[in-house]
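Summary of the model geometry
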Amino acid sequence: MSALAELRGVYRERFARPPERALGVVGADVPRELVEASGHVALRLAPLADVDRSFADRALGRGVGEAARGILAALLEGAYPVERVVLCHDSDHTVRLYTALRRLAPRLDLWFLDLLHQPRATTDAYDRARLAELAGWLGGAGDLPGAIAAGNRARALGPRLAALRREGRIAGADALALLGAGTALPAARYAELLESALADAPERPRPRASVLLLGSEHHDDAVYASVDETGAAVVAETHGWGESLLAGRVDEDGDPLDALVRHYRPRPRVEPDPADVQVAWIAPGDEAVAWSLPAERRRLGREIAVARTLDELRQAVA
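Presented here is a report on the structure given in the accompanying data block. (Residues numbered from 1 in each chain as written. Predicted model: local features only at pLDDT ≥ 70, side-chain atom pairs only at ≥ 80, totals over all residues. Heavy atoms only, no water.)

1. Focus on the sheet that holds strand 5 (residues 210-215)
With respect to topology, 4 strands assemble into an open sheet ordered 6-5-7-8, the strand pairing being parallel. Two strands bound the open sheet, and with one partner strand each, they are strand 6 (233-237) and strand 8 (305-307). Within this sheet the neighbouring strands show an average axis-to-axis angle of 40°, counted without direction. Summarising the sheet, strand 5 and strand 6 pair through 4 bridges and their orientation is parallel. Residue pairing for strand 6: Leu213 is matched across the bridge by Glu237. (Pairing = 2+ DSSP bridges. Helix = DSSP H or I, 4+ residues; strand = E, 2+ residues; numbered from the N terminus. Axes fitted to C-alpha atoms, helices over the stretch in contact; angles between N-to-C directions.)

2. Describing unusual backbone geometry
With a phi close to 55°, Arg21 is a non-glycine residue in the positive phi region. Tracing the backbone shows Arg21 in the loop between helix 1 (3-12) and strand 1 (22-26).

3. Things to note about the side chain of Arg155
Considering the arrangement of structural elements, one finds Arg155 in helix 7 (residues 144-155). Residue Arg155 is classed as buried on the basis of its relative accessible area, which comes to 9%. Apart from the residues within four sequence positions on either side, Arg155 is in contact with Glu33, Leu246, Ala247, Gly248, Arg249, Val250, His263 and Tyr264. (Buried < 20%, exposed > 50% of the residue type's maximum accessible area, 1.4 Å probe, protein only. Contact = heavy atoms within 4.5 Å.)

4. A few points about the pattern of salt bridges
Per the stated rule, a full pass over the model turns up 24 salt bridges. Between Arg62 and Asp57 there is a salt bridge; the shortest N-O distance is 3.3 Å. Residue classification places Asp57 among the buried positions, given a relative accessible area of 15%. Salt-bridge contacts for Arg265 lead to Asp127; the nearest nitrogen and oxygen are separated by 3.6 Å. You can see Arg265 sitting in the loop between helix 12 (256-264) and strand 7 (277-281) and its partner Asp127 sitting in helix 6 (residues 121-138), a full 138 residues away along the chain. Accessibility classification places Arg265 together with Asp127 in one group, the buried group. Residues participating in the shared-partner salt-bridge network are Arg165, Arg166, Glu237 and Glu243. (Salt bridge = Lys/Arg side-chain N within 4 Å of Asp/Glu carboxyl O.)

5. Some points on the side chain of Ser244
Considering the arrangement of structural elements, one finds Ser244 in the loop between strand 6 and helix 12. The class for Ser244 is buried, based on a relative accessible area of 18%. Here His239 takes part through its backbone oxygen, which lies 3.4 Å from a polar atom of the side chain of Ser244. With near-sequence residues (within four places) excluded, Ser244 lies in contact with His239, Pro268 and Val270. (Polar contact = N/O pair within 3.5 Å; in protein donor to acceptor, adjacent residues only side chain to side chain.)

6. Looking at the sheet that holds strand 1
One open sheet accounts for 4 strands, arranged 2-1-3-4; its pairing is parallel. Each edge of the open sheet is held by one strand with a lone partner, namely strand 2 (41-44) and strand 4 (109-113). The sheet shows a mean angle of 30° between the axes of neighbouring strands, direction not considered. Examined bridge by bridge, strand 1 and strand 2 share 4 bridges and lie parallel to one another. When the bridges of strand 2 are listed, Gly24 appears paired with Leu43. Packed onto the sheet, helix 5 (residues 92-104) meets strand 1, strand 3 (84-88) and strand 4 and runs at close to 150° relative to strand 4.

7. Considerations on helix 1
Buried within helix 1 are the following residues: Ala3, Leu7, Val10 and Tyr11. Take helix 1 and look down its axis: the buried residues cluster within an arc of 100°, on one side only. Next to the buried residues of helix 1 lie helix 9 (172-180) and helix 10 (187-199). (Arc of directions from axis to C-beta.)

8. Some remarks on the packing of helix 6 against helix 12
It is the contact of helix 6 with helix 12, at a shortest axis distance of 9 Å, that shows an interaxial angle of 115°. Two packed elements cross with a definite hand, and for helix 6 against helix 12 that hand is right-handed. Across the interface between the two elements, Asp124, Asp127, Arg128, Leu131 and Ala132 from helix 6 touch Leu257, Asp258, Leu260 and Val261 from helix 12. Grouping the constituent residues of the contact of helix 6 with helix 12 by class yields 5 nonpolar, no polar and 4 charged. (Left-handed = near helix turned anticlockwise from the far one by under 90°. Nonpolar A, V, L, I, M, F, W, Y, C, P; charged D, E, K, R; others polar.)

Rendered as structure tokens:
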């Protein structure tokens, strides 16, 4: 099996076939390095399509994002193979999810990681204390410098993946799988597979059009695959399940907890260049992401099409 095929399989089966010692993670602020140093593998949770969300919708209300409601439904159903879950304070939706789980899922061992994001020394000290508490709950930090180094080996491949996407050598859905597989693998194994997959990237015809995808997050490859089917390809995105997963680098010098504080506050963000087509995908119940589009238009100097259905998406990239 090729490395690309293996990473595709990991991405699509990550909840059905999880890694050993998987620990559930919700949100972008939880340092995967700290989880891995404790002997666990961080499995970042995402909504599942085949789980009934009706109770979760009532419990959290439609004002809470669809992703948080989907994760609540799956956790209550036992659809993820995890018994311990770390949630962070990256949004009010995650906070609401945590408070609901405390009442509705007593079987789960939960931890809430409350990191602050102000650029102040007092904030750094507060965040460092919170990470130290998380390390204690996890059972110790183990070889944290080694876990940081392994994570950085994967991050170092981010620019190569970005270049291959823009050259048209990696399809949009494949790129999302290559990125998302890292949310369900030990860092060292992920870096090994990703390096092999990029080295073996085949020559392909350039896509008919390059697409920059803005707007809502994507927890599966349905939208990317729909774009691929039109002959175009998503070559970059701004959501937190794309290239931002490999953005930045954790400092390997000095105190490792301090390095994690600096890396995860503020979270690294990718600022992609314009493509042939700019499309904002607005997922159901996620209309708030449209508020950022005027600023994105000014930054890019381009018009941004808005799509809420696959038909609208195909029309936008046609």
